[in-house]
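Each chain, written out:
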Amino acid sequence: MENASFDVIVVGGGNAALCAALSAREQGAAVLVLERAPVEKRGGNSAFTGGGFRMVHHGAADIRNIVPDLTDEEIARTDFGQYTAEDYLDDLGRITQYYIDPDLAETIVRNSTDTVHWVRGRGVRFVPNYGRQAFNVNGRFRFFGGVVICANGGGRGLMEQLYKATEKHGIAVRYGAQAKALLRGPAGIEGVRILVNGVEEVIRSRAVVLACGGFEANREMRTRYLGPGWDMAKVRGTRYNTGDGINMALEIGAQSYGQWSGCHSVAWERYAPDFGEVELPHSSYRHSYPFGIMVNADGGRFVDEGADFRNYTYAKYGRVVLQQPGSFAWQVFDQQVKHLLREEYKLRGATKVQGNTLEELADRMQDVHPRQFIETVREYNAAVKRDVPFDPNVRDGRGTAGLAVNKTNWANTLEVPPFEAYSVGCGITFTFGGLKIDTATHVLDVEDRPIPGLYAAGELVGGLFYFNYPGSTGLMAGSVFGCIAGREGARHARGAQSAAA
Ligand SMILES: Cc1cc2nc3c(=O)[nH]c(=O)nc-3n(C[C@H](O)[C@H](O)[C@H](O)COP(=O)(O)OP(=O)(O)OC[C@H]3O[C@@H](n4cnc5c(N)ncnc54)[C@H](O)[C@@H]3O)c2cc1C
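Cut-offs applied
Residues numbered from 1 in each chain as written. Predicted model: local features only at pLDDT ≥ 70, side-chain atom pairs only at ≥ 80, totals over all residues. Heavy atoms only, no water. Near = heavy atom within 4 Å. Polar contact = N/O pair within 3.5 Å; in protein donor to acceptor, adjacent residues only side chain to side chain. Areas by Shrake-Rupley, 256 points an atom, 1.4 Å probe, with all protein chains shown as cover. Helix = DSSP H or I, 4+ residues; strand = E, 2+ residues; numbered from the N terminus. Expected span 1.5 Å × (residues − 1). Bend = angle between axes of the 7 residues up to and from the residue. Buried < 20%, exposed > 50% of the residue type's maximum accessible area, 1.4 Å probe, protein only. Domains from an automatic or database assignment. Contact = heavy atoms within 4.5 Å. Buried area = accessible area lost by both parts, 1.4 Å probe. Core = buried A, V, L, I, M, F, W, Y, C linked by side-chain atoms within 4.5 Å. Pairing = 2+ DSSP bridges. Disulfide = S-S within 2.5 Å. Salt bridge = Lys/Arg side-chain N within 4 Å of Asp/Glu carboxyl O. Axes fitted to C-alpha atoms, helices over the stretch in contact; angles between N-to-C directions. Left-handed = near helix turned anticlockwise from the far one by under 90°. Nonpolar A, V, L, I, M, F, W, Y, C, P; charged D, E, K, R; others polar.

Around the ligand sit 40 residues, and of these Glu35, Ser46, Asp244, Glu459 and Leu475 come closest. Separating a nitrogen atom of the ligand from a backbone N or O atom of Leu34 is a distance of 3.5 Å. Compared with its free state, where it exposes 1,000 Å², the ligand has 97% of that area covered by protein. Take the shell around the ligand: its biggest share by element is 3 residues, from strand β10 (residues 177–185).

Here we take up helix α5 (residues 102–121). Helix length check: α5 (20 residues) gives 29 Å between terminal C-alpha atoms against 28 Å at 1.5 Å per residue, within 8%. The largest bend along α5 reaches roughly 55° and is located at Ser112. Three or more residues of α5 are buried, namely Leu104, Ala105, Thr107, Ile108, Val109, Ser112, Thr113, Thr115, Val116, Trp118 and Val119. Phi turns positive, to about 105°, at Gly123, one or two residues after α5.

Moving on, we get to the domain arrangement of the protein. Along its sequence, the protein is organised into domain 1 (2–262 + 432–500) and domain 2 (264–427). With centres defined by C-alpha atoms, the gap from domain 1 to domain 2 works out at 32 Å. Taken together, the contacts link 43 residues of domain 1 with 39 residues of domain 2. Interface area for domain 1 against domain 2, summed over the two sides, is near 3,400 Å², with a carbon-plus-sulfur share of 52%.

Here we take up the nonpolar core. Of all hydrophobic cores here, the largest spans 141 residues; its most connected members are Val11, Ile149, Leu182, Leu210, Leu454 and Phe481. With 10 residues, the single largest contributor to this core is helix α13 (residues 474–500). Two domains share this core, each providing at least three of its residues, namely domain 1 (2–262 + 432–500) and domain 2 (264–427). Among residues more than four places away in sequence, those in contact with Leu210 are Val11, Leu182, Gly245, Met248, Ala249, Leu435, Leu454, Tyr455, Ala456, Ala457 and Leu460. Of all hydrophobic cores here, the second largest spans 22 residues; its members include Phe328, Trp330, Leu403 and Ala411.

Next up on the list: the sheet that holds strand β4 (residues 78–79). Think of a sheet as strands paired side by side through backbone hydrogen bonds, with each pair either parallel or antiparallel. The 3 strands lie next to each other as β4-β7-β6, forming an open sheet whose pairing is mixed. Sheet topology places β4 and β6 (134–137) at the edges, where each strand pairs with a single neighbour. Two elements, β4 and strand β7 (residues 140–143), share 2 bridges in a ladder whose sense is parallel. Bridge pairing in β7 links Thr78 to Phe141.

Once that is clear, we can look at the state of the cysteines. Per the stated rule, a full pass over the model turns up 0 disulfides. Residue Cys212 stays outside any disulfide, its sulfur separated by 15 Å from that of Cys19, the closest cysteine. A disulfide-free cysteine, Cys426 has its sulfur positioned 6.4 Å from the sulfur of Cys263, the nearest such atom. According to the relative accessible area criterion, Cys426 is buried, its value standing at 5%.

By the criterion of burial, strand β22 (residues 450–456) is predominantly enclosed, with 5 of the 7 residues buried. Alignment of strand β12 (residues 199–210) against β22, held across 3 bridges, turns out to be parallel. Across the sheet, the residue bridging to Val208 is Leu454, located in β22. Here 2 bridges tie strand β21 (residues 442–444) to β22, and the two strands are oriented antiparallel to one another. Bridged to Leu444 within β22 is Pro450.

Applying the stated criterion across every chain yields a total of 32 salt bridges. Ionic pairing is found between Asp91 and Arg94, a salt bridge with its closest N-O pair at 2.8 Å. Here Asp91 and its partner Arg94 are both found in helix α4 (residues 85–95), 3 residues apart, which amounts to about one turn of the helix. Ionic pairing is found between Asp274 and Arg219, a salt bridge with its closest N-O pair at 3.3 Å. Of this pair, Asp274 sits in the loop between β15 (263–269) and β16 (293–295) while Arg219 sits in helix α8 (residues 219–226); the two residues are 55 residues apart in sequence, bridging distant segments of the chain. Given a relative accessible area of 40%, Arg219 falls into the partly exposed group. One salt-bridge network, held together by shared partners, links Arg54, Asp91, Arg94, Asp308 and Arg395.

To describe two helices that pack against each other, one gives the angle between their axes and the distance between the axes. Axis separation between helix α1 (residues 15–26) and α13 bottoms out at 7 Å; the angle between their running directions is 35°. Note on packing geometry: the crossing formed by α1 with α13 is right-handed. In this structure, α1 contributes Asn15, Ala16, Cys19, Ala20, Ser23 and Ala24 to the contact, and α13 contributes Leu475, Gly478, Ser479, Gly482, Cys483, Gly486, Arg487 and Ala490. Counted by class, the contact of α1 with α13 contains 7 nonpolar, 6 polar and 1 charged residues.

Shown next as structure tokens:
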């Protein structure tokens, strides 16, 4: 079956896709969005996010430009810090061990603030993320870790507004439409073959933007590319990102790029469901480990829980948990830090045990070597630099000395009962390997030549993240490259149309 034709088809229904669709439409293109999910599950991983955007800013005045209803009182009691282009580039380099494609990094950073303004212009409201990115110390909030703003209503709020804008601008969206293959003719891309309710259709277009995510929800690809054990990871977000866009492009000669064996993965509720539930997107988060210790089945610590702010370590510690015996760990806290635990720790569904003594706690953490666990806590307590004051807002240097695995910051002793332990496994967020693009988002072939009419944005772009990821860069990168891809796709379609006339 063959359908009407469009200037630009956007494959995917998340943040990168809708930014591409809106930007193409603004260039006058006739746009179709193909979303594999049904309408009630639309929005991909973007809908699961906290809505955080990592952007360049120079303090309160820049934040107020994005959040105009910020009051003078809020400004007075907040230290937003600043996050310069140099800070951002340094973080992207340092966190990815300097493997990030420098041109793509530069494109994200230099376009970050303007793109947030552009997204805002499409109806998305932003607010400072006081709850997740700042701590209140002595009556003053201080933002740590480079991220200040998030979309009002989190990822669901973001996607709701972007879908509203899509509707307002007359962009067609087909739900339950799975793109299966790209059509390529002598002059370049000619459309997409899709599957709807088991029936194949062909839809013609002059350009295609691929924005349909990585392969984190595909067990088979996970195990093939990330390695043994990854079949057991829980998927934090959508079940629909199974690598289709990457595979379709590789089939017509696109170049694979980036760290195919790498992914973003976190410590996650051990008995979470296999896939995320968009109605409860945050219930399985276990991000407060910098304030306690993590132990494995042998009863020992295995990682520096306080190596850096959570934003700079959380995305690589899921893999570390997966690599422990039995692929699980326990996060242990006492009453001194309980008030710092994120709200998800209090939700039903957390695998939690409590004890009035460490012995009682050890007894309840049934799959952990009890004597070794108690010995680990004893050694850890003795190694804490008690003379250094604790401050969750800065890298406080309150570490441990002399342990095989030292803790660098936020080391509090575990001595005020009742003690609490939470069991965690590995939750995968998204994969790092994907397609090679240039800074205009053309998908490149193996000789680095653009495939005419093919563009990509979002999680399926390779070359951005290696080994680790600075929190809240995913939405930012998706919006930056999505905007560019839509604009470039529309221009290409216009050119192709004039050539044909
Ligand atoms: C729990 C969680 C919290 C997160 N928090 C943040 C945060 O606060 N800030 C941040 O920057 N990042 C965050 N991330 C990462 C972020 O979600 C991603 O980087 C970003 O959303 C990727 O956007 P995307 O548009 O590329 O992909 P997605 O939003 O995943 O969209 C992909 C879309 O493609 C569709 N699709 C897949 N295959 C096909 C096909 N064959 N045909 C048609 N459609 C298809 C899917 O249904 C989906 O709609 C978080 C991720 C998770 C899971």
